[in-house]
Amino acid sequence: QVQLVESGGGLVQPGGSLRLSCAASGFTFSSYIMTWYRQAPGKKYELVASITEAGGTTNYADSVKGRFTISRDNAKNTVYLQVNNLKPDDTAVYYCTTLLGRRRWGQGTQVTVSS
């Protein structure tokens, strides 16, 4: 059974940082591209960042380049999203996903950026 469990979200002031984690199970984690999406209130899902199977290639949305860093630890079946210099527009539910037959989603972790 494929499971993706996100953690690390919270309330942070503008300019702050968080480290989001996603623990994966039920599939061969090291064989799959992992992707973070987010959904802000009233908006569509936005692809935030992706990382290839061995971590050699990463891609980012223009809106987060230079502020967010995706990484993975295949020994721990975990993917991370370091989010720095947060802005109010980064407020969203952040989801860890992978494409395994169909796109699989975790339950999400809320990030709220507010003073």
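Within each chain, residue numbers correspond to sequence positions counted from 1 in written order. Residues qualify for local features only when their pLDDT is at least 70, as the model is predicted, and side-chain atom pairs are given and counted only at 80 or more; totals for whole chains, interfaces and linings, by contrast, use all residues. The side-chain figures draw on all heavy atoms in the structure; neither hydrogens nor water molecules are used.

Caption draft 1: Broad picture of the packing of aromatic side chains. Only centres within 6.5 Å qualify two rings of Phe, Tyr or Trp (six-membered ring in Trp) as a pair; their planes then separate them into stacked at under 30 degrees, edge-to-face at over 60, and tilted for everything else. Taken as a whole and judged by the stated rule, the model has 7 aromatic pairs. Between F27 and Y32, the aromatic rings sit 5.6 Å apart at their centres with planes inclined by 80 degrees, giving edge-to-face as the arrangement. Buried, partly exposed and exposed residues are distinguished by accessible area as a fraction of the type maximum, computed with a 1.4 Å probe on protein chains only: under 20%, between the cut-offs, and over 50%, respectively. Take Y32: its relative accessible area is 26%, and that puts it in the partly exposed class. Aromatic side chains Y37 and W105 sit 5.2 Å apart centroid to centroid with 50 degrees between the ring planes, which places their arrangement in the tilted category. In this pair, Y37 is assigned in strand β4 (residues 34-39) and W105 in strand β10 (residues 102-105), connecting sequence segments 68 residues apart. Counting every residue linked through ring pairs, the aromatic cluster contains Y37, Y45, Y95 and W105. Only when the NZ atom of a Lys or the CZ atom of an Arg is both within 6 Å of the ring centre and within 35 degrees of the ring normal do we say a charge sits over the ring. The side chain of R19 reaches across the aromatic face of Y80, ending 3.9 Å from its centre. Taking the ring centre of F29 as reference, the NZ or CZ of R72 above it sits at 4.4 Å. What counts as a helix is a DSSP run of H or I of at least four residues, what counts as a strand is a run of E of at least two, and both are numbered from the N terminus.

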